[in-house]
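So the chains spell out like this:
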Amino acid sequence: MLFNRYIEASKAVAEEGSSKLNSVALTCYLNTAACKLKSLEWQDAIENCTKALAIDSTNTKALYRKAQAWEGMKDYDKALVELQKAQDIAPQDKAIRMEVQKVKQKIKNEKEKERAAYAKMFA
């Protein structure tokens, strides 16, 4: 894909020391991750967020989108870890707080379903 070649080329140039190109590569990875989330391509979204986090490990948008991808894969524990990292960086961010609550509720619902299933097995 042409877009991937562009990202890799800008990353190669960015490694030579241009912070401006790092910023462009970061934006490309974040936008690609957003597109992958919309098309339900969870693993690709995670990979793009990971690449964005390699450029800026404190980017809350990358952490948030990575959490959304984990949530899409129904791996709520990993989603919660990413959201907690984002919340540590930006504790005032309302969207992150709301997503944390949503994921915690999903974890709770999942545990209740497991408990009910085990109760039926051993009843």
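Residues numbered from 1 in each chain as written. Predicted model: local features only at pLDDT ≥ 70, side-chain atom pairs only at ≥ 80, totals over all residues. Heavy atoms only, no water.

1. Here's the deal with the packing of helix α2 (residues 19-38) against helix α4 (residues 60-72)
Here comes step 1: Look at α2 against α4: their axes get within 10 Å of each other, and the N-to-C directions meet at 20 degrees. When the axes of α2 and α4 are compared, the pair comes out roughly parallel. In the packing of α2 onto α4, the handedness of the crossing is left-handed. Packed against α2, whose contacting residues are L30, N31, A34 and L37, the element α4 presents K61, A62, R65, Q68 and A69 at the interface.
Here comes step 2: A breakdown of the residues in the contact of α2 with α4 according to their chemical character gives five nonpolar, two polar and two charged. (Axes fitted to C-alpha atoms, helices over the stretch in contact; angles between N-to-C directions. Helix = DSSP H or I, 4+ residues; strand = E, 2+ residues; numbered from the N terminus. Parallel < 35°, antiparallel > 145°, perpendicular 65-115°, else oblique. Left-handed = near helix turned anticlockwise from the far one by under 90°. Contact = heavy atoms within 4.5 Å. Nonpolar A, V, L, I, M, F, W, Y, C, P; charged D, E, K, R; others polar.)

2. Considerations on α2
Here comes step 1: A rise of 1.5 Å per residue sets the reference length of α2, with its 20 residues, at 28 Å; its end C-alpha atoms lie 29 Å apart and thus fit the reference within 8%.
Here comes step 2: Residues of α2 that are buried: A25, L26, C28, Y29, L30, T32, A33 and L37.
Here comes step 3: Phi turns positive, to about 60 degrees, at L40, one or two residues after α2. (Expected span 1.5 Å × (residues − 1). Buried < 20%, exposed > 50% of the residue type's maximum accessible area, 1.4 Å probe, protein only.)

3. Considerations on the nonpolar core
Here comes step 1: By size, the foremost hydrophobic cluster in this structure holds 25 residues, and its most contacted members are A52, L83, I96 and V103.
Here comes step 2: Looking at this core element by element, the count peaks at six residues for α4.
Here comes step 3: Residues within four places of A52 in sequence aside, it is in contact with L26, Y29, L30 and A62. (Core = buried A, V, L, I, M, F, W, Y, C linked by side-chain atoms within 4.5 Å.)

4. Let's talk about the pattern of salt bridges
Here comes step 1: Using the criterion set out here, one finds eight salt bridges in the structure.
Here comes step 2: For the salt bridge of K106 with E71, the shortest nitrogen-to-oxygen distance reads 2.8 Å. A residue pair is termed long-range when its members are at least 10 positions apart, and K106 in helix α6 (residues 94-121) and E71 in helix α4 qualify at 35 residues.
Here comes step 3: The class of K106 is partly exposed, set by a relative accessible area of 30%.
Here comes step 4: Judged by its relative accessible area of 8%, E71 falls in the buried class.
Here comes step 5: Residues K85 and E82 are paired through a salt bridge, measuring 3.9 Å at the closest nitrogen-oxygen approach. Of the two residues, K85 and E82 are both situated in helix α5 (residues 76-89); the distance of three residues between them amounts to about one turn of the helix.
Here comes step 6: Salt bridges linked by common partners bring E71, E99, K102 and K106 together as one network. (Salt bridge = Lys/Arg side-chain N within 4 Å of Asp/Glu carboxyl O.)

5. A closer look at the side chain of R65
Here comes step 1: Mapping R65 onto the fold places it in helix α4.
Here comes step 2: One buried charged side chain, R65, makes no salt bridge at all; its nearest oppositely charged neighbour is D93, positioned 11 Å away.
Here comes step 3: Filtering out sequence-adjacent residues up to four positions away, R65 remains in contact with L30, N31, A34, L37 and C49. (Lys, Arg positive; Asp, Glu negative; His and termini not counted.)

6. Points about the UniProt feature "repeat: TPR" (unreviewed entry) in the chain
Here comes step 1: Feature annotation in UniProt assigns "repeat: TPR" (unreviewed entry) to the following positions: residues 60-93.
Here comes step 2: Counted over residues 60-93, helix gives 79% and strand 0%. Its end C-alpha atoms are 9 Å apart. (UniProt positions renumbered as here; feature names shortened; annotations may be inferred.)

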